[in-house]
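As a plain string of letters, each chain reads:
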Amino acid sequence: DSGVTQTPKHLITATGQRVTLRCSPRSGDLSVYWYQQSLDQGLQFLIQYYNGEERAKGNILERFSAQQFPDLHSELNLSSLELGDSALYFCASSERQGAKNEQYFGPGTRLTVT
Amino acid sequence: AQKITQTQPGMFVQEKEAVTLDCTYDTSDPSYGLFWYKQPSSGEMIFLIYQGSYDQQNATEGRYSLNFQKARKSANLVISASQLGDSAMYFCAMREGQGDYKLSFGAGTTVTVRA
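Residues numbered from 1 in each chain as written. Chains lettered and ligands numbered in written order. Predicted model: local features only at pLDDT ≥ 70, side-chain atom pairs only at ≥ 80, totals over all residues. Heavy atoms only, no water.

A.B. asks: Any chance you could explain the side chain of T27(B) here in plain terms?
C.D. replies: All names here are of chain B. Within the secondary structure, T27 sits in the loop between β4 (24-25) and β5 (32-39). Within the structure, the side chain of T27 is placed 3.1 Å from the backbone nitrogen of D29, a separation counted as a polar contact. Not counting residues up to four positions away in its chain, the partners in contact with T27 are Y32, K73, M94 and E96. (Helix = DSSP H or I, 4+ residues; strand = E, 2+ residues; numbered from the N terminus. Polar contact = N/O pair within 3.5 Å; in protein donor to acceptor, adjacent residues only side chain to side chain. Contact = heavy atoms within 4.5 Å.)

A.B. asks: How should the packing of aromatic side chains be read in this particular structure?
C.D. replies: To describe a pair of aromatic rings, one takes the distance between the centres and the angle between the planes. According to the stated counting rule, one finds 16 aromatic pairs over all chains in the structure shown. Ring centres of F90(A) and F105(A) lie 5.8 Å apart, and the angle between their planes is 80°; this geometry places the pair in the edge-to-face category. Taken together, the residues span a long stretch of sequence, with F90(A) in strand β9 (residues 87-94) and F105(A) in strand β10 (residues 104-105) at a distance of 15 residues. Of the residues examined, F90(A) reaches a relative accessible area of 0% and is grouped as buried. Of the aromatic side chains, those joined through ring pairs into one cluster are Y33(A), Y35(A), F45(A), F90(A), Y104(A), F105(A), F35(B), Y37(B), F47(B), Y50(B), F91(B) and F105(B). Across from the ring centre of Y64(B), 5.8 Å away, lies the NZ or CZ of R63(B), which sits over that ring. The positively charged end of R114(B) is found above the aromatic ring belonging to F12(B), 4.0 Å away from the centroid. (Phe/Tyr/Trp six-rings, centres within 6.5 Å; stacked < 30°, edge-to-face > 60°. Buried < 20%, exposed > 50% of the residue type's maximum accessible area, 1.4 Å probe, protein only. Lys NZ or Arg CZ within 6 Å of the ring centre and 35° of its normal.)

A.B. asks: Honestly, the environment of N77(A) in this entry has me stumped. Any pointers?
C.D. replies: All names here are of chain A. Position of N77 relative to the elements: it lies in strand β8 (residues 74-78). In this structure, the C-alpha to C-alpha distance between N77 and Q36, residues 41 residues apart in sequence, is 13 Å. One polar contact links N77 to T20, side chain to side chain, over a distance of 2.8 Å.

A.B. asks: Help me understand the state of the cysteines in this model?
C.D. replies: Covalent bonding between the sulfur atoms of two cysteines is what defines a disulfide. All names here are of chain A. Going through the model one piece at a time under the given rule, you end up with two disulfides over all chains. At a sulfur-sulfur separation of 1.8 Å, the disulfide partner of C23 is C91. On the sign convention where negative is left-handed, the bridge of C23 and C91, at about -45° about the S-S bond, is left-handed. You can see C23 sitting in strand β3 (residues 19-24) and its partner C91 sitting in strand β9, a full 68 residues away along the chain. (Disulfide = S-S within 2.5 Å.)

A.B. asks: Would you explain the sheet that holds strand β7 (residues 64-68) of chain A in this entry?
C.D. replies: The pairing of strands in a sheet comes from backbone hydrogen bonds and takes either a parallel or an antiparallel form. All names here are of chain A. The antiparallel open sheet is built from four strands, whose spatial order is β1-β3-β8-β7. Each edge of the sheet is formed by a strand with only one pairing partner; in this case those strands are β1 (5-7) and β7. The sheet shows a mean angle of 15° between the axes of neighbouring strands, taken without regard to direction. Here β3 runs beside β8; their pairing, made up of five bridges, is antiparallel. Its bridge partner being in β8, R22 is matched across the sheet by E75. (Pairing = 2+ DSSP bridges. Axes fitted to C-alpha atoms, helices over the stretch in contact; angles between N-to-C directions.)

Written out as structure tokens, the structure is:
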């Protein structure tokens, strides 16, 4: 158990819908990252938050948005869903201190868009 | 350009033998970190080992060791004494810079351990 929690574990929804994925980082970790894993694109970085503020953006679509709340949990909002958005979405967290800064991943949310 | 290249899509290894997973990387940043993660069929990503660009020694963590060749820009993972539970997908990843920056992942290598 990495200490990072994600809900829900599975999500099935229809095209055009909107969903929210939730992540709670490890206790004490201020940085939260979102990654998307799909068969055709592999593992891709979407966005990072540090202590409530957006820190870095990757290949995140405009239909997607995220935020980190004062209690440090984060939500990834996906709207106007398309079939191609079906993927495993991971949240990871790190403590930012130290040289290693390894990222610990949550179990992921498997999104299926039908 | 690909930052992380894993050229072996799949590998078979006999139980109790060692296996080496290849990883090459591309960066112009002198400060970077290299990571290996394991993804079993259940889907979670498990951190295995880390090597910093300034580390003089190759990293080791139990049965995992990292063969770091900086001049060749390679960071191969060696799993010794393979076990059936090692069957999984293995990802090499890189963080450029010193700090809490994003990871760039390779395509992964599937390892299947045979009894």
